[in-house]
Amino acid sequence: MSEFELHKYSGMVYESNQIITFSANPAIALSDIDEEMKYHRGVSAIEVCNLTQKEFDYFISNYADDYESIYFFHNQKVKDLSALSKLKNVKYLLFYNVRATALWDMNENENLQGIMISDSKKMLYDLEQLQYAPNLEELLLFSSMFNKYPVKTIAPLKNCKKLKRLFMEFNTEDKSFLPEDFDFLDEFKYQCDRKRNFTY
């Protein structure tokens, strides 16, 4: 079984110069972000923690495309991810415990190859935007609250024809899909509740 490239960027894999923890104080000046970013040059992967919405938008607009991989860890004040639609260079985006309620327009994310979303509740409800990422190869999608936050349908993922590896762990409102719908994948694992799963 092949290894997800995304696994290289999740968990305790970051050195101190790869971790940015912003103050959650809404009075933070954007110049403070500029000062902080001076200490995070020359690395390809970075973990960003504790952003407010204003800080998130500024970071994406000014710095995000300097990195190959970005792990957004515990950013509970971020509700709108639309700024990500501007990214041209980032290959991997990972989210843990983000309060956003929707994905973003991925049509212009031409180098985006992998997305991980974990414990981000409503962010996973509508997966439609994923089919528009032009070069998406890997998806890792998790929800720790199976019944409270189900996914509407995984049907859009059938249109991700460059997708190679897919792991999903959540319940869906639409139960009509078949494993054969994803026979174009190299690797497919789906767990729809705590007791039932299949690997394809």
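Residues numbered from 1 in each chain as written. Predicted model: local features only at pLDDT ≥ 70, side-chain atom pairs only at ≥ 80, totals over all residues. Heavy atoms only, no water.

A. Quick look at the overall build of the chain. Along its length, the chain carries two helices and nine strands. In the chain, the succession of α and β elements from N to C terminus is β-α-β-α-β-β-β-β-β-β-β. Split into buried and exposed, the 200 residues of the chain put 48% on the buried side. A fraction of 52% describes how many contacts in the chain between residues 6 or more apart in sequence connect residues 24 or more apart. (Helix = DSSP H or I, 4+ residues; strand = E, 2+ residues; numbered from the N terminus. Buried < 20%, exposed > 50% of the residue type's maximum accessible area, 1.4 Å probe, protein only. Contact = heavy atoms within 4.5 Å.)

B. View of the side chain of Q53. When you line up the elements, Q53 lands in helix 2 (residues 53–62). A polar contact is formed between the side chain of Q53 and the backbone oxygen of D80, at a distance of 2.8 Å. Each residue touching Q53, except ones within four places of it in the same chain, is listed here: K77, V78, K79 and D80. (Polar contact = N/O pair within 3.5 Å; in protein donor to acceptor, adjacent residues only side chain to side chain.)

C. Just the packing of aromatic side chains, in detail. On inspection of all chains with the given rule, the structure shows ten aromatic pairs. Both rings, one in F182 and one in F184, keep their centres 6.3 Å apart while their planes meet at 35°; by these two values the pair is tilted. Exposure remark for F184: the relative accessible area of 23% places this residue in the partly exposed category. Above the ring of F184, the side-chain terminus of K161 is found at 4.5 Å from the ring centroid. (Phe/Tyr/Trp six-rings, centres within 6.5 Å; stacked < 30°, edge-to-face > 60°. Lys NZ or Arg CZ within 6 Å of the ring centre and 35° of its normal.)

D. Geometry of the pairing of strand 2 (residues 45–49). Where burial is concerned, most of strand 2 is hidden: five out of the five residues are buried. Note that strand 2 and strand 3 (residues 69–75) share five bridges and pair parallel. The residue bridging E47 from the neighbouring strand is Y71, located in strand 3. Following the backbone out of strand 2, through helix 2 and into the adjacent parallel strand 3, one traces a crossover that is right-handed. (Pairing = 2+ DSSP bridges. Right-handed = clockwise from strand over helix to strand, strands pointing away.)

E. Summary view of the side chain of N109. Mapping N109 onto the fold places it in the loop between strand 4 (92–98) and strand 5 (114–118). In this structure N109 comes out as buried when scored by relative accessible area, which is 3%. A distance of 3.0 Å separates the side chain of N109 from the backbone oxygen of L84, its partner in a polar contact. Reaching out from N109, the side chain makes a polar contact with the side chain of W104 at a distance of 2.7 Å.

F. Summary view of the pairing of strand 5. Counting buried positions over the five residues of strand 5 gives five, a clear majority of the element. Burial along strand 5 is two-sided: the residues G114, M116 and S118 and I115 and I117 are all buried. Across five bridges, the pairing between strand 4 and strand 5 is parallel. Bridging from a neighbouring strand, L93 pairs with I115 of strand 5. Of the pairings in the sheet, the one linking strand 5 to strand 6 (residues 138–142) comprises five bridges and is parallel in character. Within strand 6, the residue paired with M116 across the bridge is L140.

G. Molecular detail of unusual backbone geometry. With phi around 65°, N50 is a residue other than glycine that occupies positive phi space. Within the secondary structure, N50 is located in the loop between strand 2 and helix 2. Backbone geometry places N97, a non-glycine residue, at a positive phi of 60°. Among the structural elements, N97 can be located in strand 4.

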